[in-house]
Structures are given as C-alpha cells and as structure tokens.
Amino acid sequence: MNERYSASGLMNPFFPDEVTFGEKGVTFKVRKLFKSNDNFVFYADISGVEIESGMFFSTIRVIPRMRPEIIINNFTKGDAKRVKELILQHVQG
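Let me begin by describing the structure that accompanies this report.

Thresholds applied
Residues numbered from 1 in each chain as written. Predicted model: local features only at pLDDT ≥ 70, side-chain atom pairs only at ≥ 80, totals over all residues. Heavy atoms only, no water. Salt bridge = Lys/Arg side-chain N within 4 Å of Asp/Glu carboxyl O. Helix = DSSP H or I, 4+ residues; strand = E, 2+ residues; numbered from the N terminus. Buried < 20%, exposed > 50% of the residue type's maximum accessible area, 1.4 Å probe, protein only.

### Overview of the pattern of salt bridges
Moving on, step 1. All told, the structure shown has five salt bridges when counted by the stated rule.
Moving on, step 2. Note that Glu-18 is salt-bridged to Arg-4, the shortest N-O span being 3.0 Å. Note that Glu-18 is positioned in strand 2 (residues 18-21) and Arg-4 in strand 1 (residues 4-6), a separation of 14 residues in sequence.
Moving on, step 3. When the shortest N-O distance is used, the salt bridge between Arg-31 and Glu-18 registers 3.5 Å. Separated by 13 residues along the polypeptide, Arg-31 in strand 3 (residues 25-31) and Glu-18 in strand 2 bring together distant segments of the chain.
Moving on, step 4. Look at Glu-18 and you get buried, because its relative accessible area is 11%.
Moving on, step 5. A network of salt bridges, in which partner residues are shared, links Arg-4, Glu-18 and Arg-31.

Shown next as structure tokens:
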C-alpha cells in the first residue's frame, strides 16, 4: 500500500504538507519555506488521530506514543477524514 495525500495548494501552493502510507507506517512531510520535516511513525506507535475542521480546510493531529504530536495543515475535509480512517484501520488491524 503506497497511498499519498497532499494538502491543498490554495493555502500553500509551493510547499504543501504530505501524508504517505507505507506497509509498516506513515510518513508525514511538513514543509516550510526553507526547510521540511519528514516524520516516519510505525502504525503501532500511533495512539490517536484528531481532525480540527475549519470552514474550508482541516488540520490533522497525529499523536504518537513517546513523541510530540505531528500537525499537518490545509487538507480538504474529505482527505483529512480519509487519512484518519486509513491510520485507524492500520492501528486497529
């Protein structure tokens, strides 16, 4: 399974955040102007996923065990829900 979801290009057209699903875990790429952070988290290490929905876009908060939370911004509401569903399927499965 190699699914990838990108944040909306409307809010940040040059540096959208990304979520990539792999066999053993998820990679979260948080991009800024001069740097980007790649965080790989094993599915077993994820203790929770929260979605904070605004009027148009959503913020996804992933809560790994023993690490600070990962915040990825500007996803469409549908993509945010799908990302949460996929993570929870792997965590519970």
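### Here's the deal with unusual backbone geometry
Backbone geometry follows two general trends: most residues other than glycine have a negative phi, and most peptide bonds adopt the trans configuration.
Moving on, step 1. In this structure, Met-66 takes a positive phi of about 60° despite not being glycine.
Moving on, step 2. With respect to the helices and strands, the residue Met-66 is situated in the loop between strand 6 (57-64) and strand 7 (70-76).
Moving on, step 3. Its relative accessible area of 84% is what places Met-66 among the exposed residues.

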